[in-house]
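Listed below, chain by chain, are the residues.
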Amino acid sequence: MATTYDFPSDLLAGQEELHQVRAELSALLKRLPWSVEPLDGFSDDHGWRKIERPASPGWTADEQAAVEKLRQREHELAVFVSTHRFWAEVAIADRVDARMKAKHHHGPSGEND
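Now for a quick tour of the structure. Keep in mind the model is a prediction, meaning the values are calculated, not measured.

## Things to note about the pattern of salt bridges
Then comes step 1: Per the counting criterion, the structure on display carries 6 salt bridges.
Then comes step 2: The closest approach of N and O atoms between E17 and R73, which form a salt bridge, is 2.9 Å. Taken as a pair, E17 in helix α1 (residues 9-31) and R73 in helix α2 (residues 61-82) lie far apart in primary sequence, 56 residues in all.
Then comes step 3: Owing to a relative accessible area of 29%, E17 belongs among the partly exposed residues under this scheme.

In structure tokens form, the structure reads like this:
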């Protein structure tokens, strides 16, 4: 029988926001040029696979600020979730299981993956 946990609502809200911030950051980074600073393109076929990059115009100041803001919020949320007082109430042997269930918790109904 699988163990269920009564996660505090603030922990679940923090975890959900962490998922959202990470998704937003990932989407933003995929849209941005590969280099923060303007750089020429290059091609290198001397390694075990060929690597090619087009010229990068770099990131604008606004783009850099957006990435920094999301990374800062991601850090704050990761610290909040990982150091939440709830984890002290969970037996050490069960913390990994509890953490995985909190990480994959969905919605107010308490459904898990």
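## Re helix α3 (residues 95-103)
Then comes step 1: Looking only at α3, the buried set comprises A98, K101 and A102. Relative to the axis of α3, the buried residues are bounded by an arc of 100° and lie together on one face.

## Comments concerning the packing of aromatic side chains
Then comes step 1: Within this structure, the stated rule accounts for 5 aromatic pairs.
Then comes step 2: With a centroid separation of 5.2 Å and 70° between ring planes, the pair formed by F86 and W87 is classed as edge-to-face. Across this residue pair, the class does not change: F86 and W87 are buried.

## Some words on the environment of K103
Then comes step 1: Structurally, K103 is set in helix α3.
Then comes step 2: Relative accessible area serves as the criterion here: at 31%, K103 is assigned to the partly exposed category.
Then comes step 3: In this structure, K103 is in contact with Q15 and H19, ignoring residues within four places of it in sequence.

## With respect to the environment of V67
Then comes step 1: Tracing the sequence through the fold places V67 in helix α2.
Then comes step 2: By relative accessible area, which is 2% here, V67 ends up buried.
Then comes step 3: Those residues in contact with V67, other than ones at most four positions away along the chain, are L25, L28, L29, L32 and W59.

Conventions we followed
Throughout, a residue's number is its position along its own chain's written sequence, starting from 1. Restriction of local features to residues with pLDDT of at least 70 applies here, the model being predicted, together with a cutoff of 80 or more for giving and counting side-chain atom pairs; totals for whole chains, interfaces and linings are based on all residues. Each side-chain value is derived from all of the structure's non-hydrogen atoms; neither hydrogens nor water enter the calculation. The rule for a salt bridge is simple: a side-chain nitrogen of Lys or Arg has to be within 4 Å of a carboxyl oxygen of Asp or Glu. Secondary structure counts use DSSP, requiring at least four H or I residues in a row for a helix and at least two E residues in a row for a strand, with both numbered from the N terminus. Categorising residues by exposure relies on relative accessible area from a 1.4 Å probe, with only protein chains included: less than 20% of the type maximum marks a residue as buried, more than 50% marks it as exposed, and the intermediate range marks it as partly exposed. Summarising the geometry, the arc corresponds to the directions from the helix axis toward the C-beta atoms. Note on aromatic contacts: the rings of Phe and Tyr and the six-membered ring of Trp form a pair at centre separations within 6.5 Å, being stacked when their planes are under 30 degrees apart, edge-to-face when over 60 apart, and tilted otherwise. We call two residues contacting when some pair of their heavy atoms lies within 4.5 Å.

Keep in mind these values describe shape, not function.
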